[in-house]
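# Summary of the model geometry
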Amino acid sequence: MKTNTLLPSLILSTMLLTACSGVMNSAQAAKQYYMLMPLTGASMENTDAQTPGLAMNLTAVPGLDSDWIQALGTDARLTRYANARWPDHLPEVLTSVIQRSLAATGRFSPVDVAPRSTGGAWFLRLEVQKFYGLQDADGQTKSVVVELYGSIECGDHRESFTLNETVPVGGERLSAVVAAHQQGLDKVTQELFDKIAGACS
């Protein structure tokens with residue numbers, strides 16, 4: 001009778017130990033975090049001596065509001081690169097990077113993150129619509145696409161725009177995929193500078 005009573009307990013104990021060892025297994029792949037950097041050394045045309053304040057607000061379409069580095073397949077399915085992440089959710093990451101890029105131009109004083117403009121500052125609104133690798137039918141990442149939709153309000157003028165860049169990936173390595181994201185972001189950031197300068201000259 002004791003054997004019949006102890007057997008279920010032993011099985012349960014074994015299952016619990018196995019589960020715990022799986023959670024604590026140091027052999028599991030660690031998360032890898034990748035940084036995106038601001039565009040520095042770029043200038044923005046300033047037609048007067050004023051350096052207006054700039055408020056910016058950035059959001060992302062559903063599916064991109066996460067910290068996963070992602071790819072879009074030919075079947076319209078978003079997939080995640082294994083264990084590869086941005087340091088924060090994508091809107092927070094790009095807000096920080098683009099804010100620092102704008103500040104580095106010296107064109108604005110200051111550049112704030114805010115839901116609306118105050119005190120006569122210009123207002124930049126951006127929405128991340130694409131920011132992922134593009135995979136072929138074999139699951140190989142051939143390029144990265146970066147697309148931002150936005151608008152700039154300066155004084156009584158308001159102008160909307162779309163910024164889009166596709167960058168080829170130089171090899172089926174995660175580092176190459178991240179590098180293509182950086183190149184695409186640098187290109188659309190420079191385009192953003194040009195759009196603001198043209199709209200608010």
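Residues numbered from 1 in each chain as written. Predicted model: local features only at pLDDT ≥ 70, side-chain atom pairs only at ≥ 80, totals over all residues. Heavy atoms only, no water.

## As for unusual backbone geometry
Filter applied, for reference: Strands here mean DSSP runs of E at least two residues long; helices mean DSSP runs of H or I at least four residues long; both are numbered from the N terminus. Relative accessible area decides the class of each residue, using a 1.4 Å probe on protein chains only: under 20% of the type maximum gives buried, over 50% gives exposed, and in between gives partly exposed.
The linkage connecting S109 with the following residue, P110, adopts the cis geometry, with an omega of -10°. Mapped onto the elements of the fold, P110 is located in the loop between α2 (90–104) and β5 (111–113). A positive phi angle is found at A76, which is not glycine, with a value near 65°. For A76, the position within the fold is in the loop between β3 (68–72) and β4 (78–85). Taking the relative accessible area as the measure of exposure, A76 reaches 61% and is therefore exposed. Although it is not a glycine, N83 sits at a positive phi angle of roughly 65°. Checked against the element boundaries, N83 lands in strand β4.

## Quick look at the pattern of salt bridges
The condition that has to hold: By definition, a salt bridge exists where a carboxyl oxygen of Asp or Glu is found within 4 Å of a side-chain nitrogen of Lys or Arg.
Counted by the stated rule, this structure contains 4 salt bridges. E153 serves as the salt-bridge partner of R158, at 3.4 Å between the closest nitrogen and oxygen. Assessed through its relative accessible area of 48%, R158 is described here as partly exposed.

## Comments concerning the environment of T74
The following threshold applies: It only takes one pair of heavy atoms within 4.5 Å for two residues to be counted as in contact.
Topologically, T74 is positioned in the loop between β3 and β4. T74 sits in the exposed class, given a relative accessible area of 63%. Spatially, the C-alpha atoms of T74 and D136 are 6.0 Å apart, while their sequence positions differ by 62 residues. Discounting residues that sit within four places of it in the chain, T74 has contacts with Q135, D136 and A137.

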